[in-house]
Structures are given as structure tokens and as C-alpha cells.
Amino acid sequence: MRNTGSTALAARPVTRDLAAAVVAFTPDDLPAAVLHEAKRSLFNVLAVAIGASRHPGVDAILRVARETGGSAVAPVAGRSVRADAHFAALANGFAAHVDDYDDTHLLTVIHPAAASFATVLALAAATVPTGAAAMRAFVLGCEIALRLGVAISPEHYDDGWHITGTCGTIGAAVAAAALLGLGAPATVRAIGIAASSTVGQREAFGRMTKAYHAGKAAANGVLAATLAGRGFGAPEDALEAPGGLADALAHAHRIGALDTDLHANFELAKNTYKPYPCGIVAHPAIDAAVALAARIGSVSAVEAVIVHCNPLVPELMGNLTPADGLQARFSAVHGVTMGLRDGTVGLAQYDDALVTAEDVSALRARVRLDPDAQMPRAAARVSVRLKDGTSVEEAVTNARGSLERPLTDAELNAKAEALIEPVLPGRTPALRMSISELAKADDLAALIAAVTP
């Protein structure tokens, strides 16, 4: 067992306290502002999943589902086919995360909605929840993943784990337990089973396996809660025990201080939404590049570009020569290049053919990252030297989409529309309305109709 030093292992029964709080939680416990943010989270993640629903990774998952899966009853966003609960959770969670366009909780860098919404859709046919019950499960899944993340951050992420897959599995198990109507003892078991099912390392960034982590978190959470409901056993102290989840996944943690009061201090209220489909640490630099595009005119005039940034940028997004769109999402120099070249950075700027185009590669080679430990993570400064000897510069203190500069409801709707309409023409208003009215809906029929052909 590793030495956790000053962050001693918890003496209190965290897992049991958490399960009791989850079972006792009602929709009335959700403040109006948090409910509004939950609706934004759900709207954003469904749009992102629909936008990525034709991805080859989704095709592969659904092919395996046809070959090996069970009864095809669960919807897959953006697709006319259905799958069993396991593969539907895997496909939906994967689609929600593969474009790196989903929501982000900045303190923990967890993308909470992918696994949580995928869990709700996976169990919709089996549990037939009201809209309020579905929203309750979605919120609980997101919130518990985030609170666990707070207790083990930043050490867990720094140790190389992909926190969306690890904490997301626990959140998904809680969401599934809520939908299945499990009592406190069974919810304890669901958390315990999920603690033995966590998934994901940061080494997968830039590959399909990164998004697999989010999908597998949902699938594992569904399985954990279903097994728990059938009496499958698990430790009652899986989160806090010596050698348990927190101890194993972080070289230091504060699991004993995990907040199990689900009446205030909602982490979901601190969720943010990406304006660019790539790693979030590059967003300040991309903001600066987009602002500079109009000032430099043609990129043929660019001699050199220096990106003054936090050291986390090259650590997480230091790929200088990405070979495809997935790799480019973890190339800060590519994002800056496209911002300067096109004055906008969306899905089109991560097209595989564009990433490897000769002119893009040549411009990208002129961009250099200059990490500075004094530069805040939320800030960046981009300096462009032009061939005529002049220079232009743009500094960003807080990126668009951050808590300080959040996307408005109108901006979020525009993002969703751009993702949904090419796949499901005309559906954006129906999806927006179904989520707006979800808490009063008798079932998920309107929501599912809005996200499937």
C-alpha cells in the first residue's frame, strides 16, 4: 500500500454515506440554477454525440453489438439502430467523447456528462423512467463523479489516469442504481463493483481508446448496478479502504473529506462547455489565434509564431506532427495554426485530410510552444512575426467557454445546431424543447424521438 502521508485514509464510512445520500436525493433537492446547468449539460452532450454518431468507432461498436450483444432495445443517439444496454452505453459514451467537444469540469478535467447520459439512455427501455427520474439519475451520475474527482485531484490525473474513465465509472454506477431503484445496501454494492471496474490512462489521448474510456465507464456502471441489484457482493468501503479506490488511484487524496451532502455546493454548477473540439488547455491560445487571424490577413505573411503558455499545454498537447484528426485534437500547434489560417476552429479544422495537408503542415511547423510556469492554465499569449518584419500579439486571460467567460445559452444552441443538423436535419428545436420540459415529462419518448432518426 502506498504512503498517503498527510492525506490519511478515511476513517468515516464514505461509501455507505454516499450511497445513503444518493438514495435520499430527490429532484426537489436540486436548486433551480443547478437544474438549468444540468439541462445545458444534457443538451450539449446529446448534440455532441449526435454529431459524432457516424464515427468509424461507433460503427465498430455497433457491428460487435450485432454479432455478440443481447436484445437490441436501447437507443443510440443519431442512429436508427438499437443495441443492448451494454453496447448502447459503450456506443453513446464513445460518441459523446470522441470529438473532444463535450463538457469539462475545469478543476478535475472530468467530462462528466458522457458516461452519465449514456447510462440513462442504456437503461431507458428497461426502467421506463419519468423525465424527472431520468434527470435525477443524470445529475447524480455527473455530481458523484465530480465529487470523487475533487477528492483525488490533481494527484490522480498527474499519476497518468484518465479521470473521465475512472471517476466516470463510479458516477455511471450511481446513475444506473438510481434508475434501477436500488436501496442503500445495493447502491453500496454497485459502487463497490464499479470501483473494481474503473478504466483509462492518459497514454490513450489522441486515439480512439480515449473515447472508449467514457463509453466503457457507462457500460461498466450499468453492469455494476445491475449485478448489485441481483445480490452480487462487493466491499462496503470500496472508496475509502486501505488499498481501496482512492488509495490505489492517487498518490495522495482527501477521500475522507468527500462531500456527501447533496443539498448544496454542486460541482455540476461549475461545468463548462467547449467552443473548440480539442483538449481544453489549448483553448486560450486558440482564442488568441482566432483574434489574430483578421489582423494578419493571409497566413502566407507569417514568418513565425510563438505560443506563450502554461507547461501543461506541451505536456498534454505537445504533438507537433499529428497524423490524423484524433491526434490533432492533442496538438496545440495545430489548433493555433487553424485559428490563424481559418479564423475559426470547429470540426472541419480536424478533418484527417486537412490535418495532413502540405500547406497546413508547413504553417504548423512555424508555430512554437514556449511554456512558462508563471502563465496561468487559463491564459495564453500568441506572438506572430510577419515576413515584413512587423509583429502582432494577442493575450487571453480567460478562454471563451470558461467559468469566467461561459458560453451563453444562445452560443450553446448555435454549437448544438451545427452538430445536430447535418445528421438529423430540423431536430435541434425538438431536442431543446424535450430537455426543457423533461422534468415534467411522463417518459423519455420525446427525448428519444428527438435524438434518433
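Data block above holds the structure.
The structure displayed is predicted, hence computed values, not measured ones.

(A) Main features of the overall build of the chain. Summing up its helical and strand segments, the chain has 20 helices and eight strands in all. In terms of overall size, the chain behaves like a compact globule, its C-alpha atoms giving a radius of gyration of 22 Å where 453 residues would be expected to give roughly 22 Å. If one aligns the C-alpha atoms of the chain with their principal axes, the spans along those axes are about 75 × 55 × 40 Å. Within the chain, the proportion of its 453 residues that are buried is 58%. Accessible surface for the chain amounts to roughly 16,600 Å². Of this, 55% is attributable to carbon and sulfur atoms. Of note, the chain has its 37 positive side-chain charges centred 3 Å away from the centre of its 45 negative side-chain charges.

(B) Here's a closer look at helix α2 (residues 32-51). Here α2 spans 29 Å end to end across 20 residues, near enough to the 28 Å set by a 1.5 Å rise per residue. For α2, a buried count of 14 out of 20 residues is recorded, marking the element as mostly surrounded by other parts of the structure.

(C) A look at the environment of Ala114. Positionally, Ala114 belongs in helix α5 (residues 113-127). Judged by relative accessible area, which is 0%, Ala114 ranks as buried. Sequence separation of Ala114 and Ser300 is 186 residues, and the distance between their C-alpha atoms is 40 Å. Beyond its immediate sequence surroundings of up to four residues, Ala114 is in contact with Val45, Gly93, Ala96, Asp102 and Ala214.

(D) Focus on the side chain of Asp247. If you trace the backbone, Asp247 turns up in helix α11 (residues 245-249). Owing to a relative accessible area of 3%, Asp247 belongs among the buried residues under this scheme. Polar contacts involving the side chain of Asp247 include one to the main-chain amide nitrogen of Gly243, which spans 2.9 Å.

(E) Just unusual backbone geometry, in detail. With an omega dihedral of 0°, the bond running from Ser153 to Pro154 counts as a cis peptide bond. With respect to the secondary-structure elements, Pro154 resides in the loop between α6 (131-152) and α7 (155-158). Phi at Asp100 takes a positive value of approximately 50°, unusual for a residue other than glycine. Tracing the sequence through the fold places Asp100 in the loop between α4 (85-98) and β3 (104-105). Overall, the relative accessible area of 3% leaves Asp100 in the buried class.

(F) Examining the packing of aromatic side chains more closely. For the structure on display, the rule yields one aromatic pair. Where Phe205 meets Phe330, the ring centres are 5.0 Å apart and the plane angle is 35°; that geometry is what we call tilted. Of this pair, Phe205 sits in the loop between α9 (184-195) and α10 (208-229) while Phe330 sits in the loop between α14 (325-328) and α15 (332-342), and the two are 125 residues apart along the sequence. Each member of the pair, Phe205 as well as Phe330, carries the same accessibility label: buried. One cation-aromatic arrangement involves Arg147 over Phe266; the distance from NZ or CZ to the ring centre is 5.6 Å. One residue, Lys210, lies across the ring of Phe205, its end atom 4.9 Å from the ring centre.

(G) Local environment of the sheet that holds strand β7 (residues 380-386). Reading across from one edge, β6-β5-β7-β8 is the order of the four strands in this open sheet, with mixed pairing throughout. Unpaired on one side and paired on the other, β6 (367-371) and β8 (391-396) mark the two borders of the sheet. Averaged over all pairs of adjacent strands, the angle between strand axes in this sheet comes to 15°, irrespective of strand direction. Two elements, strand β5 (residues 302-309) and β6, share five bridges in a ladder whose sense is parallel. Looking at the pairing, Val305 lines up with Val367 of β6. Most of the contacts of helix α12 (residues 283-296) go to β8, to which it runs at about 145°, and overall it touches β5, β7 and β8.

(H) Structural context of the pattern of salt bridges. Applying the stated criterion across every chain yields a total of 19 salt bridges. Residue Arg202 is joined to Glu315 by a salt bridge in which the shortest nitrogen-to-oxygen separation is 2.9 Å. Linking Arg202 in the loop between α9 and α10 with Glu315 in helix α13 (residues 312-317), this pair joins segments that are 113 residues apart in sequence. Judged by its relative accessible area of 15%, Arg202 falls in the buried class. Here the salt bridges do not stand alone but share partners, grouping Glu37, Arg40 and Asp409 into one network.

(I) Layout of the environment of Ala52. Here Ala52 is to be found in the loop between α2 and α3 (56-68). Owing to a relative accessible area of 3%, Ala52 belongs among the buried residues under this scheme. In this structure the C-alpha to C-alpha distance between Ala52 and Val98, which are 46 residues apart in sequence, comes to 7.2 Å. Ignoring sequence-local partners within four residues, the contact set of Ala52 consists of Val58, Ala95, Val98 and Asp99.

(J) Representation of α15 within the structure. Of all eleven residues making up α15, nine are buried, and the element is well covered by its neighbours. For α15, the complete set of buried residues consists of Ala332, Val333, His334, Gly335, Val336, Thr337, Met338, Gly339 and Leu340. Looking at the residues trailing α15, positive phi occurs at Gly343, about 70°.

About the thresholds
Residues numbered from 1 in each chain as written. Predicted model: local features only at pLDDT ≥ 70, side-chain atom pairs only at ≥ 80, totals over all residues. Heavy atoms only, no water. Helix = DSSP H or I, 4+ residues; strand = E, 2+ residues; numbered from the N terminus. Rg over C-alpha atoms; globule rule 2.2 N^0.38 Å. Buried < 20%, exposed > 50% of the residue type's maximum accessible area, 1.4 Å probe, protein only. Areas by Shrake-Rupley, 256 points an atom, 1.4 Å probe, with all protein chains shown as cover. Lys, Arg positive; Asp, Glu negative; His and termini not counted. Charge placed at Lys NZ, Arg CZ, Asp CG, Glu CD. Expected span 1.5 Å × (residues − 1). Contact = heavy atoms within 4.5 Å. Polar contact = N/O pair within 3.5 Å; in protein donor to acceptor, adjacent residues only side chain to side chain. Phe/Tyr/Trp six-rings, centres within 6.5 Å; stacked < 30°, edge-to-face > 60°. Lys NZ or Arg CZ within 6 Å of the ring centre and 35° of its normal. Pairing = 2+ DSSP bridges. Axes fitted to C-alpha atoms, helices over the stretch in contact; angles between N-to-C directions. Salt bridge = Lys/Arg side-chain N within 4 Å of Asp/Glu carboxyl O.

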